[in-house]
Amino acid sequence: GFSPPFLPFVSGLDRPEVATVWPELLLVGYLTAALALLLNRAPRTSAAVCAIVIIADVVAARARYANSALFTGLLLLLIALQTRERGLWMIRTQMVLLYAGASLNKLLHPDWRSGQYIEHWTQDVMQLGWLGALASWLPDGVLYLAFGWFVITAETALAITMGVEVVRQKDDIG
């Protein structure tokens, strides 16, 4: 949640007079905008306020920085900037970049191509013993190799599919 800033990206947010009210301001702003968004009241404005609050929270604390929070804030900002005339090309372009970057990152990483990353994540981090038992029935590493390549292929296919739609939509707009 929204807690007092710690090691902010922007100096001044850690000052006591700011740090005491900052979390409450963010919480009130976010809850108000999120409720309005859920009730479809001023959706673009509500999405913009939610985006600004999420981005402000990320900026306020390096310890809470996460790509997923920043991505969510920026995606809400793109939603707020959309109009019917523009269509959804900005959001789709962002998703194309996200999946293309993710698939390229995995494709260039030997641990993903070999399945070693999936094996480590499922066995050591998530501790999915049942998956290890299933993998033991197959030749060494085949299941993890298949999962790794499935993820790479799925992300690549999503990037291409959404990319085609972005180009088609831009052609329709002119």
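The shown structure was predicted, so the numbers you read here are calculated from the model rather than taken from an experiment.

Student: Describe the packing of helix α3 (residues 43–60) against helix α4 (residues 67–81), and please don't skip the residues or the numbers.
Tutor: Contact geometry for α3 and α4: axes closest at 8 Å, N-to-C directions at 155°. Taken together, α3 and α4 sit at an angle that is classed as roughly antiparallel. The chirality of how α3 crosses α4 is left-handed. Contacts between α3 and α4 involve R44, A47, A48, C50, A51, I54, I55 and V58 from the first element and A69, L70, T72, G73, L74, L76, L77, I79, A80 and L81 from the second. Here the contact of α3 with α4 is built from residues that sort into 15 nonpolar, 2 polar and 1 charged.

Student: Mind laying out the nonpolar core, listing which residues take part and the relevant values?
Tutor: Counting residues in each nonpolar core, the largest one holds 9 residues, listed as A33, A34, A47, A48, C50, A51, I54, L76 and A80. Going through the elements one at a time, α2 (22–38), α3 and α4 are the ones with two or more residues in this core. Per-element tally for this core: the top contributor is α3, with 5 residues. With 7 residues, the next largest nonpolar core counts I118, A135, L143 and Y144 among its residues.

Student: Residue-level account of the packing of aromatic side chains, with values.
Tutor: This structure, assessed with the given rule, holds 1 aromatic pair. With centroids separated by 4.5 Å and ring planes inclined at 25°, the aromatic side chains of W112 and Y117 adopt a geometry described as stacked. Judged by its relative accessible area of 12%, W112 is buried. When the ring centre of W112 is taken as origin, the NZ or CZ atom of K106, which lies over that ring, is 5.0 Å away.

Student: Go over the side chain of S46, please, and point to the residues and values.
Tutor: With respect to the element layout, S46 can be found in helix α3. For S46, the residues in contact, after removing those within four places along its chain, are A33, A36, L37 and R41.

About the cut-offs
Residues numbered from 1 in each chain as written. Predicted model: local features only at pLDDT ≥ 70, side-chain atom pairs only at ≥ 80, totals over all residues. Heavy atoms only, no water. Axes fitted to C-alpha atoms, helices over the stretch in contact; angles between N-to-C directions. Helix = DSSP H or I, 4+ residues; strand = E, 2+ residues; numbered from the N terminus. Parallel < 35°, antiparallel > 145°, perpendicular 65-115°, else oblique. Left-handed = near helix turned anticlockwise from the far one by under 90°. Contact = heavy atoms within 4.5 Å. Nonpolar A, V, L, I, M, F, W, Y, C, P; charged D, E, K, R; others polar. Core = buried A, V, L, I, M, F, W, Y, C linked by side-chain atoms within 4.5 Å. Buried < 20%, exposed > 50% of the residue type's maximum accessible area, 1.4 Å probe, protein only. Phe/Tyr/Trp six-rings, centres within 6.5 Å; stacked < 30°, edge-to-face > 60°. Lys NZ or Arg CZ within 6 Å of the ring centre and 35° of its normal.

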